[in-house]
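Structural characterization, general
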Amino acid sequence: MTSPITVRLWGTRVTTEFHYNLSYPLGQPDSAAGALFGLFPHQWRAYANHTAQLLKSGDSELVYTTVMGTLKLGAFSGSDTLAFKTTHTFPGILMAIPNIVKLAGYESLKVADYPGGVGAKPKTKTLHEQMLQDAEKPIWSADLSAAGGAKDDFIPIQPVHQDNTALGSYDWGKYVGGVADLIQPAHHLGNTDAVESAISQISAQLGQWLSGGLLGADASTGWPKGVEAWQKKEGNTQFADPKGKEGLYPNQQFLYYDQQWCSIIPYPAGYYAENRLNDHHFHYGYWLRAAAQLALAQKMGLDTSGNDVIADYGATVNLIVKDIANPLRGDTGTPGDNAASFPKGPKTPFLRYFDGYFGHAWASGTPENIVNQESQSEAMSAWTGIILWGQLTGNQKMRDLGMWMYTLSRFAFYEYWMDCGQNGKDASILFKTQSPNIQGTEGDAYRASLKAHATGSVGFAAQVYNSYLQVVSDFGFEPVYLTGINWLPFHGGSFYLSSTDAAVNKTLGAVYDWAYDNSKYQWDNKGALNYFQPTLWGVTWEPVAYNFAAMLGRSKEGAELWGHADAGTGLEAAVGSTRPGANVSSWKPLGGQSVSYSYFWIYNMVEADLRDECVTADSPFALKFESGQDDYYVAWNLTNSPITVNFSDRHQIKSIPAWSMSWGGVPHHR
Amino acid sequence: MVKGLYAYQTKATRSPYLWKQRDERRHFVKKRLFLTILAVSSLWVVGSFEAKGDTGSGQWPMAVAGLPMLQHSSGDLAGYYYTAEGGDAETWAANLGKVTPPPGLGSRYICPASEQAGNPPNDKPNYGPFVGDKGHHRIPL
């Protein structure tokens, strides 16, 4: 029995059809036909009820109670292949958040003093200065937990030489994703130096890995496309031999097609992406978004080098998409097949990571039977990358594939990671109190269940397995680790985390509060608790908390907590504690998230307030923010001719020039 | 002799590692069957080695390591990726474990978080499946 999935997109509606093709290998029993199936919450809440034949006992539906929520029992007669349909709404994504708050670039902020390496002495910089530094010399993180600043407090990310810092595919991905995300904010601020620096560096980075040109290279090898300008700017004139000091080291960064698993494997890999095939969509998601940002910058004319990432490396990027999400069943491609036209190229499995029935991906690679996914937000980053790359390369089918996975994944996140169904609200669109199988009520029962040092069920999950859920991370137990791994990275596809839907906003806010409460509880009781490291917000993860908090529509609270982080009255000061010997009242980087990007994101997101769940548009690259005072409409034109975007509330943005963004604010009226 | 070899290998299926060795040997034997008379003499050596009941130390398959990786164009101006030799699963599986990893691969990778925590550099090579990482490959036969 197979269940081919048919996807149709109309406007922002994503319709998924589930078909069953039945066969009876041992012969069809007399008077028997069809099959029983279960509808998951993300399916029956999305109109599947109206299309499926649900089984009842009297007036009651037959259901199973599972860790994923209520499973409704349906029947398929076998008279037709269609069993049921679901209909979801695509919320819209952007290439970048606009400069709504009209930052000028001359705002000053206190930043951790890097790359000086002295953590106890913050510097005051302008946003322009910081953004240029973030583009030129990205920093992995600033660990200020040690007094006085120890060696390696600040971890510089040097693309080359790769001596001792040849990052694996995940960490490198976070790095290129973060630098690429700087291009549009820098452009909007008029910081041309930062724009050029980010473009030059991303071109070099992508060229190194996607060309495969470093394998077996020696001093006589030419630079791969896109690499030369950055290398020469750094003073490197040629490839280095393995023991040399100049240029690139050979045999680092290449792609390998494993013929047994039919997978494109990045080397050097990280986190078992090579020997267990784990997490490719997480890793490549960052790559894809970086490639899309570079492609857009080149179409906008911001890259003066003449490089063209689509012409130079477009087919290779297509292969990466195909590795994580091949829409073909029974693919027969062989190594060397031209991949310029997606999904051609060497064969890969049908949708290696995405599970169309569960509505989300499984990050597990080769493990059998028990599979899981931790960071739903990094999966959303991957689907965002596919959408953008498909659009920018003119491949609508690829774009729609990404939109389908993005849309189902967002609802799976609301259902299975956050469990918004516990938290129904009368005013909610998606989780109405009156609708069936909403377990929560108006009031604070759910919030109360998440208070500090709760030892029972906390109502959300950090990891979703195919048989259970758990609040555990793969890298530690700080409260912000357990929550923030499902928030990061913050990019133009992150706005599903911000919603005017009452239940979604309340649930996501409650999980943020849980992280805050438990961090404070640990900090206030340090020494008395038997925890291994009772730190506040976890080392270096403050930016994750700040960036997410900005999406909750708590503008007044936000201004007090993180809007003034640069003035020494930031979140950590607000809760009354600082780490011994550490400066905590300054902005800090974290891999994949630079200081200047966090600043730009937080201030503009606070002003934007919340994404309006009620309003959609006739373009995938448009959405509306709703605040108490002003509403902001934003639309990107990712085509080569002007367009007009129509919003479902009859607002219109006319004549948006090619490869550009328009936005406007209107007084809030409701 | 070949039948005897397979009969022996059937007994050696209790351990996944022996499964892997069995498969490598099977392909090794198949390959030799198509080679020259000189290769046939090698087959006798192999068969005798197995027939003595030695479960294999993993030494002899590596003795023929050194297959280069093949470069393939993705179809665009500058992008290339690599594979092992062989265009089908059987051939590729026969080459499993014999591909020479690029010099220095994985030797320079340091997890920033690890380094930041004061740990020594992570010099563990991350070769992965293309050189036959033990325990994670099952060969489709």
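This text gives an overview of the structure that appears in the document. Model, not experiment: these values are computed from the prediction. (Residues numbered from 1 in each chain as written. Chains lettered and ligands numbered in written order. Predicted model: local features only at pLDDT ≥ 70, side-chain atom pairs only at ≥ 80, totals over all residues. Heavy atoms only, no water.)

Topic: the side chain of Gln208(A)
Keep this limit in mind: Helix numbers and strand numbers start at the N terminus; a helix is a DSSP run of H or I with at least 4 residues, a strand a run of E with at least 2. Counting of polar contacts relies on pairs of N or O atoms within 3.5 Å, with two restrictions inside protein: one atom must be capable of donating a hydrogen and the other of accepting it, and residues adjacent in sequence are counted only when both atoms are side-chain atoms.
Looking at the secondary structure, you find Gln208(A) in helix H5 (residues 192–211). A distance of 2.9 Å separates the side chain of Gln208(A) from the side chain of Gln253(A), its partner in a polar contact.

Quick look at the sheet that holds strand E20 (residues 469–470) of chain A
All names here are of chain A. Keep this limit in mind: The rule for pairing is simple: two strands pair if DSSP sees at least two bridges between them.
Sheet architecture is open: three strands sit in the order E18-E19-E20, paired in antiparallel fashion. The outermost strands of the open sheet, each flanked by one partner alone, are strand E18 (372–373) and E20. In the sheet, E18 pairs with strand E19 (residues 463–465) via two bridges, with the strands oriented antiparallel. Bridge assignment links Gln373 to a residue of E19, and that residue is Val464.

Notes on the environment of Ala295(A)
Residues and elements named next belong to chain A. Operational definition: The classification of residues rests on relative accessible area computed with a 1.4 Å probe and restricted to protein chains. Under 20% of the type maximum is buried, over 50% is exposed, and intermediate values are partly exposed. It only takes one pair of heavy atoms within 4.5 Å for two residues to be counted as in contact.
On the secondary structure map, Ala295 appears in helix H7 (residues 280–299). On the basis of relative accessibility, which here comes to 1%, the residue Ala295 falls in the buried class. Ignoring anything within four residues of it in the chain, the contact list for Ala295 reads Val309, Ile310, Trp389 and Leu392.

Some remarks on the sheet that holds strand E23 (residues 630–637) of chain A
By definition, the strands of a sheet pair up through backbone hydrogen bonds, in either a parallel or an antiparallel sense. Residue and element names in this part refer to chain A. One open sheet holds the four strands; their spatial order is E21-E22-E23-E26, and the pairing between them is antiparallel. Bordering the open sheet on either side are strand E21 (610–611) and strand E26 (660–667), each of which pairs with just one other strand. Here strand E22 (residues 622–626) pairs with E23 via five bridges, running antiparallel. Opposite Glu626, over in E23, you have Asp631 as the bridge partner.

A short note on a negative patch on the surface
To keep things clear, this is the line we draw: Think of a patch as exposed residues, more than 30% relative accessible area, with no salt bridge, where like charges cluster within 9 Å and nonpolar side chains (Val, Leu, Ile, Met, Phe, Trp, Tyr) cluster within 5 Å. For the accessible areas, the method is Shrake-Rupley and the probe is 1.4 Å, while residue cover comes only from the protein chains on display. A pairing counts as a salt bridge when a side-chain nitrogen of Lys or Arg comes within 4 Å of a carboxyl oxygen of Asp or Glu. Two residue types count as positive, namely Lys and Arg, and two as negative, namely Asp and Glu; His and chain ends fall outside the count. To locate a charge, the coordinates of NZ of Lys, CZ of Arg, CG of Asp or CD of Glu are taken.
Where like charges cluster on the molecular surface, the negative patch consists of Glu136(A), Asp193(A), Glu196(A) and Glu234(A). What makes Glu196(A) partly exposed here is its relative accessible area of 44%.

Quick look at the nonpolar core
All names here are of chain A. In plain terms, the rule: Residues enter a nonpolar core if they are buried and are Ala, Val, Leu, Ile, Met, Phe, Trp, Tyr or Cys, with the set joined through side-chain atoms within 4.5 Å.
By size, the foremost hydrophobic cluster in this structure holds 172 residues, and its most contacted members are Phe84, Trp383 and Phe625. Once residues within four sequence positions are removed from consideration, Phe84 is found in contact with Thr16, Glu17, Phe18, Tyr20, Phe37, Leu39, Gln43, Ala48, Thr51, Ala52 and Tyr357. Membership of the second largest hydrophobic core comes to nine residues, among which are Ala622, Ala635, Val645 and Ile653.

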